Amino acid sequence: MKADMMRIDKYISSQISSVSRKDAKALCKKGEVLVNGSIVKNSDEKIIAGEDIVTVCGEDISYKKHIYIMLNKPRGYVCSTKDGKSPTVLELVSPELFRKGLFPAGRLDKDTEGLVLLTDDGEISHKILSPKSHIEKKYYVELKYPTQEHYVAEFEKGMQIDGGDVCLPARIEFIPENKNACYVYLKEGMYHQVKRMFKKLSNKVVFLKRVQIGGLKLDENLGTGECLELLHKDVEKIL
Ligand code: URA
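Residues numbered from 1 in each chain as written. Predicted model: local features only at pLDDT ≥ 70, side-chain atom pairs only at ≥ 80, totals over all residues. Heavy atoms only, no water.

> What's the story with the state of the cysteines in this structure? I'm lost.
By definition, a disulfide links the sulfur atoms of two cysteines through a covalent bond. Applying the stated rule across the entire model yields 0 disulfides. There is no disulfide at Cys28, and the cysteine sulfur nearest it, in Cys57, is 10 Å away. Residue Cys28 is classed as buried on the basis of its relative accessible area of 0%. Free cysteine Cys227: the closest other cysteine sulfur is in Cys79, separated by 12 Å. (Disulfide = S-S within 2.5 Å. Buried < 20%, exposed > 50% of the residue type's maximum accessible area, 1.4 Å probe, protein only.)

This is how it looks when you write it as structure tokens:
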């Protein structure tokens, strides 16, 4: 079978989140599904995704193999697909963008805000998350105490944080207008890393927001808790 050939019911339910396989079969039976302009009542029939024009209830379905979503994560949500106690980032995705198999490609702490990529594309997510990728992530940080000049050298030399982990060389950028805030650039993502780095410097993170992953910046117009659909080429900026 050709790579992008699939059963019509599977195709429809994969592209429209509110339509199950069962619903898709029923729509076919009712004559609501057209392939290249002809009614297809038999849902066993196969189509070539991306080539054949599929129309459901009078609307053409544009084919997307995968979905990529930029989320501006609010605090209080966990970066996983399921959690017994807390709401997950998937709950912030609107039904129009939701797809089966969607997951967050990377984690932020429950109390951290900012850029999270959600996708159903395992391949690109694997590339982004590989420890070997060393993709730089930029964080906006607010601190309990003012930043100090010696932080620059501490970050650059590769800090040993509590628990014995040794960080890769990292960067800190001061914000002249606010001595209690800075940007931090990391090429890895150890557990609570930013918080542990400042703890080592006898300071404390009071607010943390991820603003960039590789070349992909958090859209300034995206409100906290909002999602924005991205194209594959936008996501490639991360790599
Ligand atoms: N570092 C942290 O401490 N927390 C995050 O969520 C991300 C980086």
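> Even after reading the chapter, I still don't get the pairing of strand S12 (residues 181-186), so can you show me in this structure?
Each regular strand carries side chains that alternate between the two faces of the sheet. The buried count for S12 comes to 5 of 6 residues, which makes it a mostly enclosed element. Note: strand S10 (residues 137-143) against S12, 6 bridges, orientation antiparallel. Directly across from Tyr139, in S12, lies its bridge partner Val184. Examined bridge by bridge, strand S11 (residues 171-174) and S12 share 4 bridges and lie antiparallel to one another. Pairing of Glu173 across the sheet is with Tyr183, part of S12. (Helix = DSSP H or I, 4+ residues; strand = E, 2+ residues; numbered from the N terminus. Pairing = 2+ DSSP bridges.)

> Mind showing me how you'd approach the sheet that holds strand S6 (residues 59-60) here?
Pairing between the strands of a sheet is mediated by backbone hydrogen bonds and can be parallel or antiparallel. Read from one edge of the open sheet, 4 strands run S3-S2-S5-S6, paired in antiparallel fashion. Only two strands of the sheet have a single partner each, and these edge strands are strand S3 (38-39) and S6. With 2 bridges joining them, strand S5 (residues 54-56) and S6 adopt antiparallel strand pairing. Paired with Thr55 across the two strands is Asp60, which belongs to S6. Against the sheet, helix H1 (residues 8-15) engages strand S2 (33-35) and S5, with an angle of about 70° to S5. (Contact = heavy atoms within 4.5 Å. Axes fitted to C-alpha atoms, helices over the stretch in contact; angles between N-to-C directions.)

> Sorry if this is basic, but what is going on with the domain arrangement of the protein chain here?
Frequently, the measure chosen for interface size is the accessible area removed from exposure when the parts meet. Looking at the assigned domains, one finds that the protein chain contains domain 1 (4-60), domain 2 (68-131 + 220-238) and domain 3 (137-213). Computed from C-alpha atoms alone, the centre-to-centre distance between domain 1 and domain 2 is 28 Å. Counting residues at the interface gives 5 residues for domain 1, matched by 4 residues for domain 2. In total, domain 1 and domain 2 occlude about 320 Å² of area from one another, counting both sides; carbon and sulfur atoms represent 25% of this. (Domains from an automatic or database assignment. Buried area = accessible area lost by both parts, 1.4 Å probe.)

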